[in-house]
Structure formats: C-alpha cells, structure tokens
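# Understanding the architecture of this molecule
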Amino acid sequence: MNELKKHTEFLQTMPHESLAETLIYCRRGKSVVYRLPILPNRFNESVILRTISIMRTTIRLAMLLSVLFLGDAEVRAAGRSPQAVAADIDAAIEKLLTENKIPFSARTDDAEFLRRVSLDVTGRIPTLERTNAFLSETAPDKRSRLIDELLSDHEYGEHFAVIWYHRIVKPDDDNRFTIRGNTFQDWLEASFNKNNGWNKIASDILLATGPRDKHPETSFFLAHVDGAKGGYEPAPNKITSAASKLFLGVKLECCECHNHPFNAMKQTDYWGVAAFFSDVHSNNARKKDLKDGAVPGITDGIVAKKKDPSPHPFGSIEIPDSKGKTVKAKYLGGAEASLANRPLLRKLFVTWLTSPQNKYFASAAVNKMWANFFGRGIVNPVDDMIDTDRATHPEVLKLLAKEFSESNYDLKYLIRCICNSQTYQRTSSVLPANKDDDKLYSHMPVKVMSADMLYDSLQIVLGHGVSSVVKGEGKKKGGNGGPRDEFRKFFHAEADDDVGVVDDYTHGVPQVLRLMNSQQISNTTATVAKLMKAGEPAKIIESMYLTALSRNPTPEEVKKMTDYAAADKFSAKAYGDLLWVLLNTGEFLFNH
C-alpha cells in the first residue's frame, strides 16, 4: 500500500512528456503487477493525457480492491513505513544503551531470526520447507517480507487468539456452565486474521449482546459471572477488574475494597468504572437450564425489562459493605459520565475507552504487544500503566502509542514496526559487558515457550501436522482429554501477563522426565524415514538440525552425530535417538 501511495503522488506531479512506464503494485499473497506500455515522445499530448487518465483510474481501482481484499486496517496503516518507525525505536534504544555504557549484541543470523519470528508471530517453529527457502534466499529485504508472510498466514490469528482467549476467559466454579461450548476463540482468530483494529475488537467485546451461539464475544461477560439464586449474572466488579487489565493495563481491583495504598487511585474510581456495567444482565442462564445444555446470552436490563431494575439512580452502583454508599458512572481519572436521556452505559464507557484522547488504551496495547515479543513490557509489570514513570523507555512507548493510534489501532502494523527493528533482531548471545542487562534490550532475552507453542512445534518436527482450532471452549483438536489437552494440563502454568505468553512451560524434574520419556515425543519414525531419503549421513544430520532447530549443524556437531550413527550402522533407530536428543535440548525448548 505504501507503493500505491507513492506512485499516486508521483503521477499527480509528473510532467506528461517524461512519462515512460509505470509499475503499480497491489499485493495480497502474490504480487499483481499492472504495466502500461512505453510511451514514445512522438505521442501527442492528448494521447498522453488519455493514458494518464487510464492510469489514475487503475490506481483508484487498485486501492479500492485493496480495501476489499486486504482489509481496511492495512490500507489505513500505509501512511508511514514500519521500517521508518523501527529506525526510531532503534535510535531511542541505542541512545539509552550508550548513555549507560552498555554495548549491544550483534544482529541475529538468518536462522535465529527465522525461528524467533515464527514462534512469536505464529506460535510454532518454521517447517523444513520454509527454513530451506528462507536460508537460501539472498534478497536484502527478505526479513521484512518474511514478517509480512507470517502475518498473512492464518496461524497468526490462531496464535494470538490462544493468547487472548486465555487472558479473557479464565474458568472458575461460577462460569463453568456459562462458557461451556463457546466459540469465542474462533471469533478472536477471525478478528485477528481480518486485521480488525484493536479499537473494534475491544468495542465488539464490551458491547456484545445476544445469545452466545450467535455472538461468541458475549463470552467475555459470561466468563465474569456470579452464581446466586439459581442463576448466573455478570458481576460488575469482575467485569471491571478484567476490562481494566485487558484494555487499560491497570490493575484496578487493587482498590476494589479500599483506596490504593501506593498511588492516587481510590475505591470510588473502581466503582465509578463498575457503574458502567451495572446494567449488563444475562438471560437463559439459570443453573438448571445451563446444566441441561441451554445457551446463555447477554442483554441490557433496562432495554430488556423496559424499567430500571436497580433500586439506585440510573448509572449508579452501591459499594458493597459501605452502608448504602453509591457511586455514579465515572471515567478513570476523569469526570462523571453525562447520563442525560439515559444512554446505554457501556456504550459511554467504550466511546471513552477507544478515544484517541484516552491516555491508557493505545499505550496498554502497545505495552502488552511489546511484552509478547521481548518477554517484558516497557512498563513492567504490564498491568501497572497507572504509573508510567516506571517505563524503561518512555520515548519508545510514546512513539509506538502514537503510531498505533494514528494507524487506527492496526495490530499488524504495530507488529511490523517492532519486528523490523534491529532491537528485535539482535541475537540472544550476550557479551561480557551486557550479560547482566535485563531491561535495556542490549540483547534478545531468552523466552520460555508456552505449552501450545511447544506442542505445535513438536507436531511439526514429528510430522504429525498441527491441529487447527476446533469449536468449543477455546480448545484445539485433541482437547477434552485428547493429546493436546493432556499436554497442556501437564505443562500448564497460568502466566502473569508480564511474560507476554499465556501458559509458561513449567520448569522442573517432572516436566523434563515427561519430555524425555513421552511415547508421543519418542515416536520419531515418520520424520526419520523422511530424513533418511537424503542418503548421505551428513545430509541426513543437516536436515535433522534444520527440521528441529531451524539451523545448519556445525562441523563438530556433524562429526559427533555421524560417529554415533555409524556405531549403529546408520540405522533408523540411531537417527531416531539423535532427533530425540535435539528435541530435549534447551535450544529446542526455548525461544531465543
């Protein structure tokens, strides 16, 4: 889209007689190229003008088609190149490193970059085919094009849907029936792959209404319910705590029961936000009906009942255990909401939330996305945005929040800006003088794989294929007692949002033993049979490393592996043992 804009501006100012040839790109997957014939100087002015008119029409058509097929957000983000933003990120990072006299590590080689960005964007290591293609390519812009390729893959949406589903929907005793069988993760996946703006995604979730089977996004409210008097109702306090963490980056629940002890937030701030959700109600959510398989839904009480069911004034909520003290709907850190003409309360909140003037919304999203790629936020913990003075790089946070807001909250554009930076592309290998740096980004931190990332990466190496998302409760195929579900439960550790992944791979002897002795992981037969078709032992070992670690082996590794295989007459069992060893190394199990 940047090419389209550039050529459009060029044509508006180009002298007619200098026109020779124009190349216009409209890219989605493969490039579609429009060429016009060379125009000799002998052509008269009317012919040239007519040709230019055709060209401009072609440009307008190409831009229209781009809106229809690429998605509105990708067109909106065409204003400034991600590479330019990435350069600004690097300048700010390197300035602080220089001031602190910390050298930064070298740029990654292609193999390290490929594996890292594949895990970070799609949640799995690259296939052998993709690894061979990327490592053999010589074009100078191949890293930027790889980022674009990964973002256009459906695996991108699937990966971030897993992350956000488990951040939003946390099973508990109250919601186990209201979230049972939901397809909210599928909805999230589609939203990410369509590249819906983050403001639209947040709005769609917080304004969700209707039956859950037709509106999966209602699962946000149905995941935050209290069970009382035979039914389940959305709880304003649970909704407030969740919404403030997810979309504002603020742990507002710290002042649910009292004023915050360490900052200016008060109990009335918490309940002022909660008042916006005081009129959200569930229907078809009686315990008896849900146990029988009923599908619950969400509505607004006054709209449904045509009268205010609350004993308090419209737009107010009572603070529990306060002897009847009520608080009016109030924006966080701002004024009370105008309640003239009895507006839809949560609509008021969403309008405020997604406004470019909201100092939290864009910054919180940027900070969480940064943590996904670097293992920590610019403000860390990531849910402490109320105190942005703790930012390690306030200039970077401000820059990216501005770019994100001006792109209409385009998540893919934000990811491109981050991944194209040299900061992201630094090796994880440390230098003696920067090994103790854990927050200034002199090198890439080594990150723990999530359970889903580890499972999917193993499936790629072992030739089983990666199971896609299946309907129901954010599960993937193999869930509900299947191999994936069993694997996730064993390796599951509910993550704090600080680490940027949903489920940390849990360190410890039981997990190590499970990986070493799992029949599923030790079954390398299919992969070994495929690798042995390479013929020569050195070639087999090379393909094994490229498959498991996305890199070529060193000469020393080739010799050691070859000697081992030779001792067992280069049998399939010997190569299977070698692959098993690679799968149990830290190099495979970590994202680096």
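None of these values were measured; they are calculated from a predicted model.

## Focus: the overall build of the protein chain
Helix and strand counts for the protein chain come out as 28 helices and 11 strands. Across the 592 residues of the protein chain, 52% fall into the buried class. Residue pairs at least 24 apart in sequence account for 68% of intrachain contacts in the protein chain once pairs closer than 6 positions are excluded. For the protein chain, the exposed area adds up to about 27,000 Å²; of that, 55% sits on carbon and sulfur atoms.

## Side note on the environment of D120
Position of D120 among the secondary structure elements: in helix α5 (residues 110-122). Separated by 254 residues in sequence, D120 and F374 have C-alpha atoms that sit 9.4 Å apart. Each residue touching D120, except ones within four places of it in the same chain, is listed here: H159, F160, N372, F373, Y424, K447 and N591. Engagement of the side chain of D120 in a polar contact is seen with the side chain of Y424, the distance being 2.7 Å. A polar atom in the side chain of D120 sits 2.8 Å from the side chain of N591.

## Topic: the nonpolar core
Within the largest apolar cluster, 99 residues are counted, with the highest numbers of intra-cluster contacts made by F192, W198, F220, F247, F373 and L400. Sequence-distant contacts of L400, that is, excluding residues within four places in its chain, are made with V85, I89, V366, W370, L414, C417 and I418.

## Let's talk about the side chain of S457
Its place among the elements puts S457 in helix α20 (residues 451-462). Those residues in contact with S457, other than ones at most four positions away along the chain, are L119, R124, I125, M449 and F588.

## Describing the pairing of strand β7 (residues 297-300)
The side-chain alternation of β7 yields two buried faces, one formed by G297 and T299 and the other by I298 and D300. Looking at chain direction, strand β3 (residues 210-211) and β7 are connected through 2 bridges and run antiparallel. Along β7, the bridge assignment pairs G210 with I298. Bridge count for strand β6 (residues 280-283) against β7 is 4 bridges, and the pairing is antiparallel.

## Some words on the packing of helix α7 (residues 142-152) against helix α19 (residues 411-419)
As a packed pair, α7 and α19 sit with axes 10 Å apart at the nearest point and diverge in direction by 150 degrees. Put simply, α7 runs roughly antiparallel to α19. The element α7 and its partner α19 pack so that their crossing is right-handed. Across the interface between the two elements, I147, D148, L151 and S152 of α7 pack against K412, I415, R416 and C419 of α19. When grouped by side-chain class, the residues that make up the contact of α7 with α19 number 4 nonpolar, 1 polar and 3 charged.

## Describing the packing of aromatic side chains
Following the criterion strictly, the structure yields 24 aromatic pairs and no others. A centroid spacing of 6.0 Å and a plane angle of 85 degrees characterise the contact between F374 and Y424, whose relative ring orientation is edge-to-face. Placement of F374 in helix α17 (residues 361-374) and of Y424 in the loop between α19 and β10 (447-448) is noted, with a sequence separation of 50 residues between them. A residue is classified by how much of its surface remains accessible, and F374, at 2% relative accessible area, is buried.

## A closer look at helix α18 (residues 394-406)
The α-helix winds at 3.6 residues per turn, so residues separated by three or four positions along the chain end up facing the same way. Between the first and last C-alpha of α18 there are 18 Å, a value that for 13 residues agrees with the 18 Å anticipated at 1.5 Å per step. Of the residues making up α18, those classed as buried are V396, L397, L399, L400, A401, E403 and F404. Tucked inside the fold, the buried residues of α18 contact α4 (82-99), α10 (198-206), α17 and α19. N408, located one to two residues past α18, shows a positive phi value of around 60 degrees.

## Brief notes about the sheet that holds β3
Taken together, the 3 strands give an open sheet; going across it, the order is β3-β7-β6, and neighbouring strands pair in antiparallel fashion. If you trace the sheet from one side to the other, it starts and ends with β3 and β6, each paired once.

## Let's talk about the confidence of the model for the protein chain
Averaged over all residues, the pLDDT of the protein chain is 81; the fraction at 70 or higher stands at 74%. Per-residue pLDDT stays below 50 along residues 303-308; that stretch engages in 7 contacts with residues further than four places along the chain or on separate chains. Contacts for the low-pLDDT stretch residues 468-472, under 50 throughout, to residues beyond four places or in other chains number 19 contacts.

## Observations concerning unusual backbone geometry
Here the residue pair N380 and P381 is connected by a cis peptide bond, since its omega of 5 degrees sits within 30 degrees of zero. Positive phi is not limited to glycine here, since N284 has a value of about 55 degrees. Inspection of the secondary structure assignment puts N284 in the loop between β6 and α14 (287-291). The class for N284 is partly exposed, based on a relative accessible area of 41%.

## Observations concerning the pattern of salt bridges
Per the counting criterion, the structure on display carries 31 salt bridges. With its nearest N and O atoms 3.0 Å apart, the salt bridge here joins D289 to R286. For R551, the salt bridge goes to E587, with nearest N and O atoms at 2.6 Å. Of this pair, R551 sits in the loop between α25 (537-549) and α26 (555-567) while E587 sits in helix α28 (residues 586-589), placing them 36 residues apart in sequence. Residue R551 is classed as buried on the basis of its relative accessible area of 18%.

## Considering the environment of S363
Within the element layout of this structure, S363 appears in helix α17. Distance in space between the C-alpha atoms of S363 and M385 is 8.0 Å, their sequence separation being 22 residues. With residues up to four places along the chain from it excluded, the contact list for S363 reads M385, L397 and A401.

## Structural notes on the state of the cysteines
Evaluation of the coordinates by the stated rule reveals 0 disulfides. C419 supplies the cysteine sulfur nearest to C417, a cysteine that is in no disulfide, at a spacing of 9.7 Å.

## Topic: the packing of α26 against helix α27 (residues 572-583)
Close contact between α26 and α27 brings their axes to 8 Å; oriented N to C, the two are set at 140 degrees. For the element pair α26 and α27, the recorded crossing hand is right-handed. Residues M561, Y564 and A565 of α26 pack against A574, Y575, D577, L578 and L582 of α27. For the contact of α26 with α27, the per-class residue count stands at 7 nonpolar, no polar and 1 charged.

## As for the side chain of N367
Its place among the elements puts N367 in helix α17. When near neighbours in sequence (up to four residues on either side) are disregarded, N367 contacts G377, I378, V379, V382, M385 and L397.

## A word on α26
Compared with the 18 Å implied by 1.5 Å per residue over 13 residues, the 19 Å span of α26 between its first and last C-alpha is a close match. Buried-residue contacts for α26 involve α25 and α27. Where α26 terminates, the next one or two residues include K569, which has phi positive at roughly 55 degrees.

Conventions we followed
Going along each chain's sequence as written, the residues are numbered from 1 onward. Side-chain atom pairs in this predicted model are given and counted only at pLDDT of 80 or more, local residue features only at pLDDT of at least 70, and totals for whole chains, interfaces and linings cover all residues. Here the side-chain values reflect all heavy atoms present in the structure, with hydrogen atoms and water set aside. Numbered from the N terminus, helices here are DSSP runs of H or I no shorter than four residues, and strands are runs of E no shorter than two. Residue burial is assigned from relative accessible area. The probe radius is 1.4 Å, only protein chains are included, and a residue is buried under 20% of its type maximum, exposed over 50%, and partly exposed in between. Note on contacts: a residue pair is in contact if any heavy atoms of the two residues lie within 4.5 Å. Calculation of accessible area relied on Shrake-Rupley with a 1.4 Å probe; when residues are assessed, cover is drawn exclusively from the protein chains displayed. Under this definition, polar contacts are N or O atom pairs within 3.5 Å; protein pairs additionally need one hydrogen-donor-capable and one acceptor-capable atom, and for neighbouring residues in sequence, both atoms have to be side-chain atoms. In this description, a nonpolar core means a group of buried Ala, Val, Leu, Ile, Met, Phe, Trp, Tyr and Cys residues linked to one another through side-chain atoms lying within 4.5 Å. Two strands qualify as a pair provided that DSSP identifies no fewer than 2 bridges between them. Orientation is described by axes fitted as lines to C-alpha atoms, over the contacting stretch for helices, and by angles from 0 to 180 degrees between their N-to-C directions. Between 65 and 115 degrees an angle is taken as roughly perpendicular, under 35 as roughly parallel, over 145 as roughly antiparallel, and anywhere else as oblique. Less than a right angle of anticlockwise turn of the near helix away from the far helix marks a crossing as left-handed, whereas a clockwise turn marks it as right-handed. Residue classes follow a fixed rule: Ala, Val, Leu, Ile, Met, Phe, Trp, Tyr, Cys and Pro count as nonpolar, while Asp, Glu, Lys and Arg count as charged, and any other residue, Gly among them, counts as polar. Ring pairs shown here join Phe, Tyr and Trp side chains whose ring centres sit within 6.5 Å, with only the six-membered ring taken for Trp; geometry is labelled stacked below 30 degrees between planes, edge-to-face above 60, and tilted in between. To estimate the expected span of a helix, count its residues, drop one, and scale the result by 1.5 Å. Looking at any residue, its pLDDT shows the predictor's confidence there, from 0 to 100. One side-chain nitrogen of Lys or Arg within 4 Å of one carboxyl oxygen of Asp or Glu is enough to make a salt bridge. Cysteine sulfur atoms that pair up within 2.5 Å are treated as a disulfide.

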